[in-house]
Amino acid sequence: MFPIPPYVHTALAALRDAGYEAYPVGGCVRDCLMGVTPADWDLCTSALPEQVEAVFAGWRLVETGVKHGTVTVISEGRPVEITTFRTDGTYRDHRRPDSVAFVSSLREDLARRDFTVNAMALGLSGDVIDPFGGQADLRAGLIRCVGDPDRRFSEDALRILRALRFASRLDFAVEETTAASAVENRALLDSIARERVFSELKGILTGPGAGRTLREFAPVIFQIIPALAAEAGFDQKNPHHIHDVWTHTTMAVDAAARSPVLRLAMLLHDVGKPDTFFTDQDGVGHFYGHAARGEAMADDILRRLRCDNDTRRRVCLLIHYHDIRPPQTERAMRRLLAKAGREAVGQLFQCWRADSADRSDAVRAENRAVIDGAEAVLETVLAGPSACFDVKSLAVNGRDILAMGVRPGPAVGRTLDALLERVMDGTAPNQREPLMALAAEIINRKKTDKTHKTREE
Ligand code: ATP
Ligand code: MG
C-alpha cells in the first residue's frame, strides 16, 4: 500500500541510521491512502536542520527553507524535502509565523498541519500515524481543520483557500464547522500576498469539484475577486438563460477542460454582464458590449492577482471572443484565425461549448448546431491549401523578397503581409510559385506607384 520509492528510502535510512526519527508525512501519505501516486515525498525528522545537513554531508543540498527547518536533499537525482519537527510560533499578520520552534515530538509537528487528511505520517512498520482522524475523514471525503478552525484560519488565512483547493481537487466536502469558519474569516484573505492567492485560485478552478466549491464558497471567491459578487442572484431576464449569472458561471467552469487558461476564462467570461445590462421595451434583458467590458475587467483583475502575462493575455482574448457567433464561412473563419491565432480558436470552441452547457435544451441544441457547423468550417480551412495564418507559415519568406530586389527594411514585411492577406482571403494558395509571382506583381505595382508620384510632384 505504501510504495516508498528507493530514492526516498535512501534518505529515510540515512536519517534513521544516524539515530534520528524520520517519517514520510503530509500529502504523500494522503495520496497513497487514496491510491494516488504521490508527486513528491516530504519527510519530517527529529534532527535539527544542521544535523540534517551533517547527515547528508557530501550530498547535493538545496537550502531554500532552512529558517523554517527545511533542507532539500537531492537523492538519486530527485529532491526530497526534509523538515525538522516544528510548531509555528505566533502569527501577527494572519500569514507567516513570526518564528518557528523546533520540537521533539512527531505529534506536535502533525498538530500544526492544516487539515486532518494532511496530518498523517508513515511509521517504520508501514503503520499510519494518525492522531487527528485523517483516515476517517479521507473515507468520508471531508476536509477538516486540525484543531479549532477559527484559530487555524486566523493564524494563516491562506488555509481558507487551501481548504477550498483540496475540496475541489479531491472532490471532497468541507466539514461543517470548518466550512462556516472559512466563510466567516474570509476578510483575513486581504492580508495574503496576491500571488499566493492566485496560485490557490488556479488550484481551486482546475479540480474536479470546482463548480460545486465555487457555489458553496461564493463569499470567499467574492472576497478575492469582488467584481464577481454582482453576478450572484443576477436575473438575466432572458429566455435563453435559465440560471442567474453566477450559477451559470460556475457551471460553465465545470463544463470547460481543466486547464488554468480555460477555467479562468470561464470564471471571468461574464464579469462584464452586470455593468452592461439593460431591458428592452418587452422586458427582455440584454448585455450588449459585455464581452469587451468583461475583457477589460478581467485584465484588471488578473493584473491585480499578479497573474503571469501570458495567461492573462490568453484569458482576455478568449473573453473578448466568447460571445461572437461561431464563424459559419471559410472567409470569416480565416479572419478569426488571423486575429486570434490557431491555438486560441481551438480553445474558443471549448468556451462556446462550455458557455451553452446550462442553457435550456432547445437553445443548447441550436447552439450546438452552430458550433458544430463552425467546427466543420474550421476543419475545411485547416485542411485546405491556404492553411496559413501567420507570416512565418507562408510558403515564401523574407529572403525570397530580398532576392527580388526589395531593399532590406519595412518594405519586406509589408510585402509578406500583403501576401498573407491574400492567402487568408482564399484568393491565393499558400504555394511557392504562385506567391513568388504575386510578390513580383506587388513589388512592381509599388514601383509604378512611386514613379507616378514622382512625376506628379
Ligand atoms: P500537494 O500535493 O498539493 O503538494 P500537499 O499536501 O503536499 O499537497 P503542500 O502545500 O505541499 O501540500 O504542503 C505539504 C504539507 O505541509 C501539507 O500536507 C500540510 O501538512 C502542511 N502545510 C502546508 N501548508 C500549510 C499551511 N499553510 N498551514 C498548515 N500546514 C500546512
Ligand atoms: Mg506537496
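Details of the structure are given in the entry above.
To keep things clear, this report deals only with the structure shown in the data block.

**Notes on the packing of aromatic side chains**
Going through the model one piece at a time under the given rule, you end up with 6 aromatic pairs. With a centroid separation of 6.1 Å and an interplanar angle of 75°, the aromatic rings of Phe-115 and Phe-166 are classed as edge-to-face. Pair noted here: Phe-115 is in the loop between helix H4 (106-111) and strand E8 (121-122) and Phe-166 is in helix H7 (residues 158-170), with a separation of 51 residues, a long-range link. Just as Phe-115 is buried, Phe-166 falls in that class too. Their ring planes at 70° and their centres at 4.8 Å tell us that Phe-222 and Trp-246 sit as a pair that is edge-to-face. One end of the pair, Phe-222, is in helix H11 (residues 218-224); the other, Trp-246, is in helix H12 (residues 245-255), with 24 residues separating them in the sequence. Phe-222 sits in the buried class, given a relative accessible area of 13%. The class of Trp-246 is buried, set by a relative accessible area of 5%. The positively charged end of Arg-165 is found above the aromatic ring belonging to Phe-166, 4.7 Å away from the centroid.

**A short note on the pattern of salt bridges**
Within the structure shown, the criterion is met by 25 salt bridges. For Arg-152, the salt bridge identified is with Glu-155, shortest N-O distance 2.9 Å. Here Arg-152 pairs with Glu-155, and both are found in helix H6 (residues 149-155), just 3 residues apart, close to one helical turn. Between Arg-445 and Glu-441 there is a salt bridge, and its shortest N-O distance comes to 4.0 Å. Placement of the pair is Arg-445 and Glu-441 together in helix H22 (residues 432-456), with a separation of 4 residues, close to one helical turn.

**Some remarks on the site of ligand 1**
Around ligand 1 there are 14 residues in total, and Arg-30, Asp-156, Arg-159, Arg-162 and Arg-169 lie nearest to it. At 3.4 Å, a backbone N or O of Gly-27 approaches an oxygen atom of ligand 1. Asp-156 is positioned such that a nitrogen or oxygen atom in its side chain is 2.8 Å from a nitrogen atom of ligand 1. Expressed as a share of its isolated accessible area of 580 Å², the protein-covered part of ligand 1 is 75%. Under a 2 Å grid-point criterion requiring more than half of the atoms, the pocket assigned to ligand 1 is the largest pocket. Within the residue set of the shell around ligand 1, elements represented by two or more residues are helix H2 (27-33) and H7. Among the elements that take part in the shell around ligand 1, H7 stands out by supplying 5 residues, more than any other. Here the shell around ligand 1 is composed, by residue class, of 1 nonpolar, 3 polar and 10 charged.

**Here we look at the state of the cysteines**
All told, the structure shown has 0 disulfides when counted by the stated rule. The thiol sulfur of Cys-316 is not disulfide-bonded, and the nearest other cysteine sulfur, from Cys-307, lies at 8.2 Å. Free cysteine Cys-351: the closest other cysteine sulfur is in Cys-316, separated by 12 Å. We classify Cys-351 as buried; its relative accessible area is 2%.

**Side note on the side chain of Gln-223**
Mapped onto the secondary structure, Gln-223 falls in helix H11. For Gln-223, the side chain forms a polar contact with the side chain of Asp-190, separated by 3.1 Å. In this view, Gln-223 contacts Arg-186, Ala-187, Leu-189 and Asp-190; residues no more than four positions away in its chain are not counted.

**Focus: the layout of surface pockets**
Space inside the largest pocket adds up to approximately 1,200 Å³. Secondary structure elements with two or more residues in the lining of the largest pocket: H2, strand E2 (42-45), strand E3 (60-65), strand E5 (78-84), strand E6 (86-88), H7 and helix H9 (194-205). Tallied by class, residues from the lining of the largest pocket come to 8 nonpolar, 9 polar and 19 charged. Mapping the lining of the largest pocket onto the domain boundaries places at least three of its residues in each of domain 1 (1-133) and domain 2 (141-224).

Criteria and thresholds
Residues numbered from 1 in each chain as written. Chains lettered and ligands numbered in written order. Predicted model: local features only at pLDDT ≥ 70, side-chain atom pairs only at ≥ 80, totals over all residues. Heavy atoms only, no water. Phe/Tyr/Trp six-rings, centres within 6.5 Å; stacked < 30°, edge-to-face > 60°. Helix = DSSP H or I, 4+ residues; strand = E, 2+ residues; numbered from the N terminus. Buried < 20%, exposed > 50% of the residue type's maximum accessible area, 1.4 Å probe, protein only. Lys NZ or Arg CZ within 6 Å of the ring centre and 35° of its normal. Salt bridge = Lys/Arg side-chain N within 4 Å of Asp/Glu carboxyl O. Near = heavy atom within 4 Å. Polar contact = N/O pair within 3.5 Å; in protein donor to acceptor, adjacent residues only side chain to side chain. Areas by Shrake-Rupley, 256 points an atom, 1.4 Å probe, with all protein chains shown as cover. 1 Å grid on protein atoms, 1.4 Å probe; cavity = no way out; pocket = protein on both sides within 12 Å on 5 of 7 lines; lining within 4 Å. Sits in = over half its atoms within 2 Å of the grid points. Nonpolar A, V, L, I, M, F, W, Y, C, P; charged D, E, K, R; others polar. Disulfide = S-S within 2.5 Å. Contact = heavy atoms within 4.5 Å. Points joined across faces, edges and corners; volume = space filled by probe spheres on them. Domains from an automatic or database assignment.

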